[in-house]
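Single-letter residue listing:
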Protein chains: 2
Amino acid sequence: MDKIPILKMGHFLLVTIQVDMHDRLALALQDDLTARVVKDRAKGVLIDISSLEVVDSFMGRMLGNITAMTHMLGATAVVVGMRPAVAITIVELGLSLENLCTALNVERGMAMLTSQLNTSAEAGGHEHHQKGNPRTAHF
Amino acid sequence: MDKIPILKMGHFLLVTIQVDMHDRLALALQDDLTARVVKDRAKGVLIDISSLEVVDSFMGRMLGNITAMTHMLGATAVVVGMRPAVAITIVELGLSLENLCTALNVERGMAMLTSQLNTSAEAGGHEHHQKGNPRTAHF
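This one's a predicted model, so the numbers in the text were calculated from it and none came from an experiment. (Residues numbered from 1 in each chain as written. Chains lettered and ligands numbered in written order. Predicted model: local features only at pLDDT ≥ 70, side-chain atom pairs only at ≥ 80, totals over all residues. Heavy atoms only, no water.)

Brief notes about the sheet that holds strand 2 (residues 12-16) of chain A
Residue and element names in this part refer to chain A. Rules: Paired strands, in this sense, are two strands between which DSSP finds at least two bridges. Every helix listed is a DSSP run of H or I at least four residues long, and every strand listed is a run of E at least two residues long, numbered separately from the N terminus. Lines are fitted to the C-alpha atoms to define the axes, a helix being fitted only along its stretch in contact, and any angle between axes, read from their N-to-C directions, falls within 0 to 180 degrees. We call two residues in contact whenever any of their non-hydrogen atoms come within 4.5 Å of each other.
What the 5 strands build is an open sheet, ordered 1-2-3-4-5; its pairing is mixed. Both outer strands of the open sheet, strand 1 (6-9) and strand 5 (101-103), are each paired with one neighbouring strand and no more. Each strand of the sheet is rotated relative to its neighbour by a mean of 25°, with strand direction disregarded. Seen against the sheet, helix 1 (residues 23-39) touches strand 1, strand 2 and strand 3 (44-48) and runs at an angle of roughly 165° to strand 2.

Concerning the interface of chain A and chain B
Quick reminder of the rule: When two parts are put together, the accessible area they lose, computed with a 1.4 Å probe and summed over both, is reported as buried area. Here, a salt bridge means any Lys or Arg side-chain nitrogen found within 4 Å of an Asp or Glu carboxyl oxygen.
Each partner contributes to the interface: chain A provides 19 residues, whereas chain B provides 19 residues. For the pair chain A and chain B, the summed buried area comes to about 1500 Å², and 57% of that belongs to carbon and sulfur atoms. Where chain A meets chain B, there are 2 salt bridges. Between Lys 8 of chain B and Glu 107 of chain A there is a salt bridge; the shortest N-O distance is 3.6 Å.

Topic: the sheet that holds strand 5 (residues 101-103) of chain B
Strand pairing in a sheet takes place through backbone hydrogen bonds and is either antiparallel or parallel in direction. Residues and elements named next belong to chain B. Pairing in this open sheet of 5 strands is mixed, and the strands run 1-2-3-4-5 from one edge to the other. With partners counted over all chains shown, the strands left at the sheet margins are strand 1 (6-9) and strand 5, one partner each. Geometrically, the sheet is characterised by an average inter-axis angle of 25° between neighbouring strands, direction not taken into account. Of the strands in this sheet, strand 1, strand 2 (12-16) and strand 3 (44-48) are in contact with helix 1 (residues 23-39), which crosses strand 2 at around 165°.

Focus: the packing of helix 1 of chain A against helix 2 (residues 57-72) of chain A
Residues and elements named next belong to chain A. For clarity, the threshold we go by: The scheme is simple: roughly parallel for angles under 35 degrees, roughly antiparallel for over 145, roughly perpendicular for 65 to 115, oblique for anything else. The hand of a helix crossing depends on one turn: near helix anticlockwise from the far one by less than a right angle means left-handed, and clockwise means right-handed. Only Asp, Glu, Lys and Arg are considered charged, only Ala, Val, Leu, Ile, Met, Phe, Trp, Tyr, Cys and Pro nonpolar, and every remaining residue, Gly among them, polar.
Here helix 1 crosses helix 2 at 15°, and the two axes come no closer than 10 Å. Judged on the interaxial angle alone, helix 2 and helix 1 are roughly parallel. Here helix 1 and helix 2 pass one another in a crossing that is right-handed. For the pair formed by helix 1 and helix 2, the contact residues are Asp 23, Ala 26, Leu 29, Gln 30, Leu 33, Thr 34 and Val 37 on the first element and Phe 58, Met 62, Asn 65, Ile 66, Met 69 and Thr 70 on the second. Taken together, the residues that form the contact of helix 1 with helix 2 break down as 8 nonpolar, 4 polar and 1 charged.

Brief notes about the relation of the copies chain A and chain B
Mapping between the two copies of the chain is achieved by a rotation about an axis and a shift along the axis. For clarity, the threshold we go by: Here the copies are matched by least squares. The fit uses the C-alpha atoms of residues with pLDDT of at least 70 in both.
Between the two copies, chain A and chain B, the superposition gives an RMSD of 0.0 Å; the rotation angle is 180° and the shift along the axis is 0.0 Å. Within this description, the copies of the chain are treated as partners about a two-fold rotation axis. In this assembly the copies share their binding face: 100% of the residues contributing to the interface of chain A also contribute to that of chain B.

Details of helix 1 of chain B
Note that an α-helix has 3.6 residues per turn; residues three or four places apart therefore point the same way. Residues and elements named next belong to chain B. Rules: What a helix is expected to span follows from its residue count: subtract one and scale by 1.5 Å. The cut-offs for exposure are 20% and 50% of the maximum accessible area for each residue type, with area from a 1.4 Å probe on protein chains only; residues under the lower value are buried, those over the upper are exposed, and the others partly exposed. As used here, the arc is the angular range of directions from the helix axis to the C-beta atoms.
Its 17 residues place the ends of helix 1 24 Å apart at the C-alpha level, agreeing with the 24 Å of an ideal helix rising 1.5 Å per residue. Of all the positions in helix 1, only Leu 25, Ala 26, Leu 29, Gln 30, Leu 33 and Val 37 are classed as buried. Projected down its long axis, helix 1 carries its buried residues within an arc of 140°, all on one side. Exposed residues on helix 1 whose side chains face more than 90 degrees from its buried face are Asp 23, Arg 24, Asp 31, Val 38 and Lys 39. Tucked into the core, helix 1 has its buried residues touching strand 1, strand 2, strand 3 and helix 2 (57-72). Directly after helix 1, the chain includes Arg 41, whose backbone phi takes a positive value near 50°.

So, the side chain of Gln 18 of chain A
To keep it simple, the criterion reads: We define a polar contact as two N or O atoms separated by no more than 3.5 Å, with the added condition that, inside protein, one atom must be a possible hydrogen donor and the other a possible acceptor, whereas residues neighbouring each other in sequence contribute only through side-chain atom pairs.
Tracing the sequence through the fold places Gln 18 of chain A in the loop between strand 2 and helix 1. The class of Gln 18 of chain A is buried, set by a relative accessible area of 4%. At a separation of 2.7 Å, a polar atom in the side chain of Gln 18 of chain A contacts the main-chain carbonyl oxygen of Thr 16 of chain B.

Set out below in structure tokens:
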């Protein structure tokens, strides 16, 4: 497999990571995802990692990078389906993912993005979210 | 990887097939998916095969089996994201997948399932779809 599929669902994009990421695959995902955010004018990206039983520092950094990149492009990335063991590893590895949005599953992640979208539309339709947003809150 | 993740989205389940299926993985997917259809009372199942560049007769039969099984359980399966080469192969292999619902992408597949759901609710809320339904129509 040379690339991970990106599925469009309304205003959002969904990526399901099912395999361990090696360097080339991670770079391909970064390129594809940022290109698709721009092309589809996506407002949010959901990254499902429910298949991953373990993460290493490379994978953790990659999640952080993708979140930062999509934020630059005016979209919000939400990591969904994280297993408890993975959360433990990320904290124990000391990875600073303080900007990472998380949700229990895809449904809740999508509800979170939809409510953010509605809030930002009500606030005047700003493309970027304000810095004060509670981006790390579990939904 | 020992199993393929199944994501719940509202009334529907989404499965993204990213790897070539071997026997054990296909059987595990059948078991998991049928169990989840019952557990989550799903009305529809979306199977995304946009990653698959080729299919063989085993994969084709598996798609047919999953469609038939979910139908037995009162849900509708829709295969989405099929590449042209895959469609050609399925026809050339002579696989009889006449009951297979297909849609161009996840968004359209979900729209198709939603409209079926609304139609069946209007028709008196039958759990099973009638035999006369145009199940092979592209949406």
